[in-house]
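Coordinate inspection notes
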Amino acid sequence: MQVQINTDKNIDGNERLVSFYTSEIERELAHFDDKITRVEVHFKDENSDKISKNDKTCVFEVRIAKKEPLVVTEQADTVEKAFTGAVGKMKRLLK
């Protein structure tokens with residue numbers, strides 16, 4: 001399974017962030033590893049440095065061999081919560 005993490009200009013896509021979320025994806029989706037060819041995650045901060053509710057977005061795309069990609073989106077107060085929500089949605093969709 002190939003994993004790609006993307007961030008917008010408002011979220012620091014440093015090596016630590018990429019490494020952490022890559023390992024989380026591999027752990028969370030290990031059960032489906034034989035079916036998944038690629039995972040793309042896009043993190044966005046809708047309001048830059050302004051504080052507002054649910055302004056962090058995680059778009060989670062899973063590609064399965066010879067099928068259309070599956071995509072879910074989650075918004076939350078933090079990147080971590082958005083990611084956790086998106087992973088949960090994707091796991092339910094994959095089942």
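In this convention, every chain numbers its residues from 1, walking through the sequence in written order. Per-residue local features are limited, in this predicted model, to residues with pLDDT of at least 70; the limit for side-chain atom pairs, both in listing and counting, is 80 or more; totals at the level of whole chains, interfaces and linings are taken over all residues. Where side-chain values are given, they derive from all heavy atoms of the structure, hydrogens and water being excluded.

1. What to know about the packing of helix α1 (residues 15–28) against helix α2 (residues 79–94)
Between two packed helices, the angle of one axis relative to the other and the distance separating the axes together describe the packing. Counted only if it meets this: To obtain each axis, a line is fitted to C-alpha atoms, and for helices this fit is confined to the stretch in contact; angles are then taken between N-to-C directions over 0 to 180 degrees. The way it works is that DSSP assigns letters per residue, a run of H or I at least four long becomes a helix, a run of E at least two long becomes a strand, and they are numbered from the N terminus. Roughly parallel covers angles under 35 degrees, roughly antiparallel covers those over 145, roughly perpendicular covers 65 to 115, and oblique covers all other angles. Crossings are classed by handedness, with left-handed meaning an anticlockwise turn of the near helix from the far one by less than a right angle and right-handed meaning a clockwise turn. Any pair of residues with heavy atoms lying within 4.5 Å of one another is described as a contacting pair.
Interhelical geometry of α1 versus α2 gives an angle of 25° and a closest axis separation of 11 Å. Taken as axis vectors, α1 and α2 run roughly parallel relative to one another. The way α1 lies across α2 gives a crossing that is right-handed. Seen from α1, the contacting residues are Y21, E24, I25 and E28; seen from α2, they are V79, E80, F83, V87 and K91.

2. Quick look at the packing of aromatic side chains
The condition that has to hold: Only Phe, Tyr and Trp rings take part, Trp by its six-membered ring, and two of them pair if their centres are within 6.5 Å. Stacked means planes under 30 degrees apart, edge-to-face means over 60, and tilted covers everything else.
Tallied over the entire structure, the rule returns five aromatic pairs. Through pairs of rings, three or more aromatic residues link up here, namely F20, Y21, F43, F60 and F83.

3. Observations regarding the sheet that holds strand β3 (residues 56–64)
Selection rule: Strands pair, by our definition, only if DSSP identifies at least two bridges between them.
With respect to topology, four strands assemble into an open sheet ordered β1-β2-β3-β4, the strand pairing being mixed. Looking along the sheet, the strands with just one partner apiece sit at the ends: β1 (2–7) and β4 (70–76). Sheet twist, expressed as the mean angle between neighbouring strand axes with direction ignored, is 15°. Its contacts with the sheet place α1 against β1, β2 (36–45) and β3, and it is angled at close to 135° to β1. In the packing of α2 onto the sheet, the strands contacted are β2, β3 and β4, and the crossing angle to β4 comes to about 150°.

4. Some words on the pattern of salt bridges
A side chain with one charge may pair with a side chain of the opposite charge, provided their charged atoms come close. Defined as follows: Salt bridges are defined as contacts in which a side-chain nitrogen from Lys or Arg sits within 4 Å of a carboxyl oxygen from Asp or Glu. Buried means the residue's accessible area, taken with a 1.4 Å probe over protein chains only, is under 20% of the maximum for its type, while exposed means over 50%, and partly exposed covers the values in between.
This model, assessed by the stated rule, comprises nine salt bridges. In this structure, K35 and D34 form a salt bridge, with 3.8 Å as the shortest nitrogen-oxygen distance. When its relative accessible area of 46% is taken as the criterion, K35 is described as partly exposed. As a salt-bridge pair, K89 and E74 come within 2.8 Å of each other at their nearest N and O atoms. Placement of the pair is K89 in helix α2 and E74 in strand β4, with a sequence separation of 15 residues. Looking at K89, the relative accessible area reads 31%, which means it is partly exposed. Salt bridges linked by common partners bring E24, R27, E28 and K91 together as one network.

By themselves, these figures tell us nothing about what the structure is for.
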